[in-house]
Amino acid sequence: MSKQAGRKISRRKFVKLTGGAAAAAGFTSAFLFPQRALAQQKTLKIVQWSHFVPGYDKWFDNTFTKEWGAKHNTNVVVDHIAIGEINARAAAEVAAKKGHDLFMFLSPPAAYEKQVIDHKEIYAEVEKKHGKKIGLAEKSTFNPKTKKYFAFSDSYVPDPGNYRQDLWSQVGFPHGPDTYHDLLVGAKRIKDKFGNPCGIGLSQELDTNMATRAMLWSFGGAEQDEAGHVTLNSKNTLEAVKFMRELYRQTETPEVFSWDPSSNNRGILSGKLSFVDNAISVTRSAEKDNPEMSKNIQIVPALKGPVRRIAAEHVMDCYVIWEFGENKEGAKQFLVDLIDNFSTAFNASEFYNFPCFPTTVPDLKKRLASDPKAVPNNKYAVLGNVLDWATNVGYPGYASAAIDEVFNTFVLPTMFAKAARDEMSPEAAVKAADTEVRRIFAKWK
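As the structure is a prediction and not an experimental result, all values here were calculated from the model.

## Let's talk about the environment of leucine 368
So, point 1. For leucine 368, the location among the structural elements is in helix H18 (residues 364-369).
So, point 2. Residue classification places leucine 368 among the buried positions, given a relative accessible area of 0%.
So, point 3. In sequence terms leucine 368 and glutamate 350 are 18 residues apart; their C-alpha atoms lie 9.9 Å from each other.
So, point 4. Setting aside anything within four residues of it in sequence, one finds leucine 368 in contact with Phe346, Phe351, Phe354, Asn377, Asn378, Tyr380, Ala381, Leu383 and Gly384.

## Quick notes on the sheet that holds strand E12 (residues 354-355)
So, point 1. The strand order across the open sheet formed by 6 strands is E2-E1-E3-E11-E6-E12, and the pairing between neighbours is mixed. Edge positions in the sheet fall to strand E2 (74-81) and E12, since each has one partner strand and no second.
So, point 2. Where strand E6 (residues 152-157) lies against E12, 2 bridges are found, and the strand directions are antiparallel. The residue bridging serine 155 from the neighbouring strand is proline 355, located in E12.

## Overview of the pairing of strand E11 (residues 315-321)
So, point 1. Most of E11 is tucked away, with 7 of its 7 residues classed as buried.
So, point 2. Neither face of E11 is exposed, since Val315, Asp317, Tyr319 and Ile321 on one face and Met316, Cys318 and Val320 on the opposite face are all buried.
So, point 3. With 4 bridges joining them, strand E3 (residues 102-105) and E11 adopt antiparallel strand pairing. Across the sheet, phenylalanine 103 pairs through a bridge with valine 320, a residue of E11.

## With respect to the sheet that holds strand E9 (residues 297-300)
So, point 1. Read across the sheet, 3 strands follow the order E8-E7-E9 without closing on themselves; strand pairing throughout is antiparallel. For this open sheet the edge positions go to strand E8 (275-277) and E9, each flanked by a neighbour on one side alone. Within the sheet, the average angular offset between the axes of one strand and its neighbour, ignoring direction, is 25°.
So, point 2. In terms of strand pairing, strand E7 (residues 161-164) meets E9 through 4 bridges, oriented antiparallel. Paired with glycine 161 across the bridge in E9 is valine 300.

## Examining helix H7 (residues 120-130)
So, point 1. All buried positions along H7 are accounted for by Ile122, Tyr123, Val126, Glu127 and His130. Projected down its long axis, H7 carries its buried residues within an arc of 125°, all on one side. Opposite the packed face of H7, turned more than 90 degrees from it, sit the exposed residues Lys120 and Lys128.
So, point 2. On its buried face, H7 is in contact with helix H8 (135-141), strand E5 (148-149), E6, E11 and helix H16 (328-340).

Reading the values: rules and limits
Residues numbered from 1 in each chain as written. Predicted model: local features only at pLDDT ≥ 70, side-chain atom pairs only at ≥ 80, totals over all residues. Heavy atoms only, no water. Helix = DSSP H or I, 4+ residues; strand = E, 2+ residues; numbered from the N terminus. Buried < 20%, exposed > 50% of the residue type's maximum accessible area, 1.4 Å probe, protein only. Contact = heavy atoms within 4.5 Å. Pairing = 2+ DSSP bridges. Axes fitted to C-alpha atoms, helices over the stretch in contact; angles between N-to-C directions. Arc of directions from axis to C-beta.

Here's what the structure looks like:
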C-alpha cells in the first residue's frame, strides 16, 4: 500500500468527492442525504367542505392530491369540514393570521378581499390553456372597483327543481312544475290529496339562501342593481314575499323554519316532500340508497316567475389563498393543475361540479344526456343549458363584500320567513330587510 493510499480522507473532502460523483451520475442530494431531502419537502394545507358526493372526496384526497404532491415534492394535507363550519373557521384563521394555504368557500367570500392575494395571475395562467372563464365566475370573484380577484373559482353547482313525478303526475303535471304558479297550484293539490308538503326552506341556511334569491329574482326583485345600488324595497320584491307566504300557508309545514342544509334532501328522499330546490345530490343519493325512489324523483330547470326564469347557483366553489399562507406559490400551482384535471373532477363529482372553464369538459351535454346510473338515462340532460338560467349571488351586480354580509347574515331568508309566519306584514318585512341591507352597504361603502 502506498503512503498516499494510507492517508485518511477528511469528511469535507469525502463529501466533495462523492457529491461530485453523484451529480455526475445524475443522482440528487436525496440519494446521499435522504433526511435532508425529507426536510426540504414542502407542505400545502387545504381546507374544504365534505362533499355531498363521497366519490369526489375519494378522488381528490386519494388520487389527485397524492399524485400532485409526489410530482411537486409536497405533502398535501386536506382538512374537510361541514358546511356550517366554513365561515367560523375562516374568521378564526384570519384572526390568528395562520391556518391553511388554500381555503374553499361555497359562496363568494368578498368580505375577505384584504386578507387574500390577488388571484388574477392564476386566472391568466388557466385562461392561456383553457380559454375564458364563465361570467358566473367573473361576477363571483372579481371586484370591479378595486380590479382585484379576491378568489378563484374552479366550479359551480346547478340548483334545479327536484320533484316527485309519481305525485305530480296525479295532479295534472306529469313533467313537474315549470313556473312558480305551477308550483303553488300543483303542490297544494298534492298536499290536499296525499298529504305531502312542498319543501322550500325558510330558515337560516345555505339552501334557503339560494331558494329565496331565485324566487326574488324571478319576480323581478333584487338586493341591488348592476351598479351596486340597493333596490330591495320594490313592488317586485313585495310580490315575491307575498307569493312565498301563500306557498307556505297552502303547501308547507312549520318544519321549514328550522331546517339545516340537508333537511330538504332527507325530506324528499324519505318520501315526505313533493318538491325541493336542490342540487343533484338529491338524485345521486337516491340512486345509491333508494333506487325505487330515484325513479320517482326527476328534475326541472329553475322555475319561471312573472319576470324571468332564473336561479342562483346552488354552490359556488371559491378558493382563496390567504396573504399569510406559508405556501402561496404551491397553492397557485395546485389550482392551475386542478383545472387541467377538471374533466376527471367532473366525473368524480358525478356531474355535481360544473366547470367554470367550459373547454375542460367539451362533451358536457353528451355526458349529461347519457348517464348509466340515471332513470331514465337522460334525466340530467335538462342541465345542459344551465348557464341560461343560473346566476351569481348579487345578481344583477357583482358579489361584493356588502352582498357577502347580506348573504351570510341571512337577511333575505329572514324577510321571507317573517312574512310567512305573519310576524310582520309583507310590506313591513320588506321594509325592515331593505333597512338592514342599506345599513350593511353603508358599512362597506
